[in-house]
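# Tertiary structure, described
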Amino acid sequence: MFAEIVFPLPFRNVFTYSVPKELAPLARIGVRAVVPFGKRILTGFIIGISDETGLKGKLKPVQDILDASPIFTQESLKFYEWISSYYLSSLGEALRNSVPYGLEVESKKKIASDKLFCQKLLAAEADKSSIRALVLKILSGQEMTTLSYLQKEVKKKNIYSLIRGLEKLGAITVLDELEKAKVSVKKVKHVKLALSADETYEAFPEIEKRSQKQLVILMELLAAKDDAVALSEILKKTNASKSSVDSLVEKGFLEVFDKEVERNYTETYNEQQRDLTLTGAQEAVRKEVACYIKDEKFQAFLLHGVTGSGKTQVYIEMSKAAHEIGKNVLILVPEISLTPQITSRLYNNFGDKVAVVHSRMSLGERCDTWRGIIAGKFTVVVGARSALFAPLDNIGLIVVDEEHDSSYKSNENVPKYQARDAAVIRGRISGCPVVLGSATPSVESMYNARQGKYRLLELKERVDEAKLPMIRLVNVSLERKKKQMESVFSKPLLHEIEKRLQKKEGVIILQNRRGFATQVYCEDCGEVETCENCSVPLVFHINRNILQCHYCGYYKPVPNACTHCGSLKIKYFGTGTQRVEDEISYYFPEARIERIDSDSIGKKGALGFILNNFRKGEVDILVGTQMVSKGLDFSNVTLVGVVAAETSLWLPDFRADERTFQLLTQVSGRAGRSKTEGEVLIQTQNDKHFVLQKVVENDYLSFYEREIEVREKMDYPPFSRLCLIEARDENQDNAKGAINDFYGHLQRYRNGLMITPPSEALIAKLKNNYRFHILIKSGRKADPGGAILRNAVLNSFISFNRESRFRNIRLFFDIDPQSII
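If you're wondering where the values come from, they're calculated on a predicted model, not measured in any experiment. (Residues numbered from 1 in each chain as written. Predicted model: local features only at pLDDT ≥ 70, side-chain atom pairs only at ≥ 80, totals over all residues. Heavy atoms only, no water.)

## Things to note about the nonpolar core
- Counting residues in each nonpolar core, the largest one holds 111 residues, and the members touching the most others are I725, F742 and I776.
- Aside from chain neighbours lying at most four places away, what touches F742 is I725, I774, V793, S796, F797, F800, L811 and F813.
- With 30 residues, the next largest nonpolar core counts I293, F301, L303 and V380 among its residues. (Core = buried A, V, L, I, M, F, W, Y, C linked by side-chain atoms within 4.5 Å. Buried < 20%, exposed > 50% of the residue type's maximum accessible area, 1.4 Å probe, protein only. Contact = heavy atoms within 4.5 Å.)

This is the structure:
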């Protein structure tokens, strides 16, 4: 038997291995195999099995099979093949998403050094700044290190010949050690009675004479009625020591054994279940989708429902329709902030059949949830974009809530997929309907609906007789002239907050910037404190008294004087959520305030705890970033305040207007979700701006008509397909050289494409890497599927790797980028 295997590495080759007889029953498409690869041991994915091969010579054998059941099927393999083809990655890189982080097995090169010998070689080195000298300096200080650590410290990947030379001299020994998976099945010691209850009772008199603790342990286990109890639990309950248990084991009364336990993720937020009846409009939407669920037919729907129109309840009723015919459901939400509420409502309807998948879960919880999905324990999977790759089969419905949200786009890892678009493809392959829901659909999705590619469904009114909130713009420039500003707050906003606090109604305040002050600068020299690794200003965080970079995490203490000229005239500019929270607590000292941003909800369960308290009325004011704008459904919220409307409006990006409209409309929708009317106050520098006027009028269609006209004129999506190519390296000349070389190779395929010349990225340096960009446009009329664009990039990449002296510089391809910054 032979297995075709791909690896989660940036090359597109498929490798063939022989399968030993003892592993043949386990080897099948969809399982992971541990195999030798060069001088390493790697985990790969089996994508093909055959009884013969045309390859000559002896093939390397598979060493182990990691999965008892396939983690992907032939059907889902088609989905991963589409991901890799469309987003320009290898199939192995796409399949890496099918497995939670920490489950791979691979070998790591470890280096044992002779410290004294290395010190002598270092002393004899003429150039103390050379790569060899840097390596010897590290090896002189520690007996054991890894190759990857050395590469990172000397900032050079290709040091293999140097390492081989030192090994020949006897200065180091290179070891290949197999590293186990970072996470595995959790087993806990359990204890149970080894004898029957009658036999145990007969021994009580004798045991009571010798040890009262042993008797208490036996009584506790008798009360468990043949169930095994965790050893730690029994010791805690009885306040006994392990020696007491050991003694009972020796006497034959108890049996101690390892038992697998599941690490279940528990959501701290909960709601009581309510009996809800769908409105006529909701029922019409449910019926239309349910027909496709029943017939097991693919159709993409765009559900355009105003905020508070009950889209979540419609999703739940659609899921019930899928369950009625034995089908499973996949629900995607864009932010972790949406997970608690929708998860609680799904638990209320489907109980322990619901699995949650998102990044705040521990490695163990993610692993056990993943194994549970494969085993068929769950019928509803809900989570952020990574849930798209859950090993869920027999899918009858896919829902993408808040489909417009930019967090559905993966920007860091390869492949850089868009989960919303990929969900449509997964639905097509699975033969099930896909519902994209939003109060502010993306321009691309509405265009697809208008063109007939998606079917448009609408919910035009709120449920429970609730009305859309009244929205007011407050021009802070005019308010400042009238001396009606109190720091970052206008007096009208402060007045409305005070009114709500007196009525004991909920308030949400949006400021889409973290930290206290967004910039720290010197009045004398004008220099701004910037990150050492990124070309961005550092943000002042008052609670830790540090300046921090929100891109790479670098931080340093707040300087007492300007680090450029020594002046003491340091000023703090800009407003973050910490400052908003601090100033609100100054104006309303009795108010109970909580903040929701990625700084405040880092602790597990913190978000659910805050939302629970807000729902119960134990928190008066919720301050937050865009997290508070999405999906939160609280009937007691009657006021929403926006500190600055321009945070996203002024960004140099073609999607800036769309994002601003979506953000402000979404956060406005948090107010007035009951019979009590809601109000929204948006502070702005320009209250005449078209986008803001359409937010006030709650007029999505007028905004869309103007935006689609601008997009067509400028040839931006949905009228073109984009690919952003990025070269990045710690050496600026290398990054620049690579992007210029690649641009030269692209010129051979420029027919039908618009290719911008190479330029420095707007954020020129990020995480200590210099960045250069090329933007390629491909018209949808001439290239509807994007094949011309992708072929041009791939062919250019092949010739670049073959001919360029910068071939070692990594290039990143982003198809359909959400941002060009």
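## Here's the deal with the sheet that holds strand β24 (residues 539-541)
- Spatial strand order, β24-β25-β26: three strands in an open sheet with antiparallel pairing. Of all strands in the sheet, those bounded by a partner on one side alone are β24 and β26 (555-557). On average, each strand axis in the sheet is tilted by 30° relative to the strand beside it, whichever way the strands run.
- Note: β24 against strand β25 (residues 546-548), three bridges, orientation antiparallel. Bridged to V539 within β25 is Q548. (Pairing = 2+ DSSP bridges. Helix = DSSP H or I, 4+ residues; strand = E, 2+ residues; numbered from the N terminus. Axes fitted to C-alpha atoms, helices over the stretch in contact; angles between N-to-C directions.)

## Quick notes on the state of the cysteines
- Per the counting criterion, the structure on display carries zero disulfides.
- In this structure C531 is a free cysteine whose sulfur lies 3.6 Å from that of C552, the closest cysteine sulfur available.
- Residue classification places C531 among the buried residues on the basis of a relative accessible area of 6%. (Disulfide = S-S within 2.5 Å.)

## Observations concerning the packing of aromatic side chains
- Throughout the structure, instances matching the rule amount to 30 aromatic pairs.
- Geometrically, the ring pair formed by Y447 and F719 is edge-to-face, given 5.1 Å between the ring centres and 65° between the ring planes. Here F719 lies in the loop between α24 (700-714) and β32 (720-729) and Y447 lies in helix α17 (residues 443-450), a separation of 272 residues in the sequence.
- For F719, a relative accessible area of 16% corresponds to the buried category.
- For the pair F661 and F703, a centre-to-centre distance of 4.4 Å together with 0° between the ring planes defines the contact as stacked. (Phe/Tyr/Trp six-rings, centres within 6.5 Å; stacked < 30°, edge-to-face > 60°.)

## Quick look at the pairing of strand β22 (residues 506-510)
- With respect to burial, β22 is a largely interior element, five of its five residues being buried.
- Here β22 shows two buried faces, one formed by G506, I508 and L510 and the other by V507 and I509.
- Taken together, the five bridges between β22 and strand β30 (residues 637-642) define a ladder with parallel strand orientation. When the bridges of β30 are listed, L510 appears paired with V642.
- Alignment of β22 against strand β29 (residues 621-624), held across four bridges, turns out to be parallel. Paired with I509 across the bridge in β29 is V623.

## Quick word on the sheet that holds strand β13 (residues 328-332)
- Taken together, the seven strands give an open sheet; going across it, the order is β14-β15-β13-β16-β17-β12-β18, and neighbouring strands pair in parallel fashion. A single partner strand is all that each edge strand has here, and the edge strands are β14 (354-357) and β18 (455-459). Strand-to-strand twist in this sheet, taken as the mean axis angle between neighbours without regard to direction, amounts to 20°.
- Two elements, β14 and strand β15 (residues 380-383), share four bridges in a ladder whose sense is parallel. Opposite A355, over in β15, you have V381 as the bridge partner.
- Taken strand by strand, helix α15 (residues 363-374) contacts β14 and β15, and its axis lies near 135° from that of β14.

## Focus: helix α6 (residues 160-169)
- Listed as buried for α6 are L162, I163 and L166. Along α6, the residues classed as buried sweep out an arc of 100° about the axis, all on the same side. Away from the buried face of α6 by more than 90 degrees, exposed residues S161 and K168 are located.
- G170 sits one or two positions beyond α6 and adopts a positive phi of about 85°. (Arc of directions from axis to C-beta.)

## A short note on the pattern of salt bridges
- Inspection of the entire model under this criterion finds 48 salt bridges.
- Across the salt bridge formed by R810 and E93, the nearest N and O atoms sit 3.8 Å from each other. Taken together, the residues span a long stretch of sequence, with R810 in the loop between α26 (787-803) and β36 (811-815) and E93 in helix α2 (residues 91-95) at a distance of 717 residues.
- Overall, the relative accessible area of 5% leaves E93 in the buried class.
- In this structure, R455 engages E288 in a salt bridge whose closest nitrogen and oxygen atoms are separated by 3.4 Å. (Salt bridge = Lys/Arg side-chain N within 4 Å of Asp/Glu carboxyl O.)

## Here's the deal with the layout of surface pockets
- The volume enclosed by the second largest pocket comes to roughly 960 Å³.
- The wall of the second largest pocket is formed by 42 residues, among which E271, R274, L276, R345 and D633 lie closest to the centre.
- If you list the elements that add at least two residues to the lining of the second largest pocket, you get α13 (311-324) and α14 (339-350).
- If one sorts the elements of the lining of the second largest pocket by residue count, α13 sits on top with six residues.
- Residues belonging to the lining of the second largest pocket are distributed by class as follows: nine nonpolar, 19 polar and 14 charged. (1 Å grid on protein atoms, 1.4 Å probe; cavity = no way out; pocket = protein on both sides within 12 Å on 5 of 7 lines; lining within 4 Å. Points joined across faces, edges and corners; volume = space filled by probe spheres on them. Nonpolar A, V, L, I, M, F, W, Y, C, P; charged D, E, K, R; others polar.)

## Details of unusual backbone geometry
- Of the consecutive residues V414 and P415, the connecting peptide bond is found in the cis state with omega at 0°.
- Checked against the element boundaries, P415 lands in the loop between β16 (395-401) and α16 (419-430).
- Of the consecutive residues P717 and P718, the connecting peptide bond is found in the cis state with omega at 15°.
- Within the secondary structure, P718 sits in the loop between α24 and β32.
- Of note, the phi angle at K155 is positive, near 60°, even though the residue is not glycine.
- Within the secondary structure, K155 is located in the loop between α5 (147-154) and α6.
- Unusually for a residue other than glycine, E296 sits at a positive phi of about 55°.
- Examined against the element boundaries, E296 turns out to sit in the loop between α12 (280-295) and β12 (300-305).

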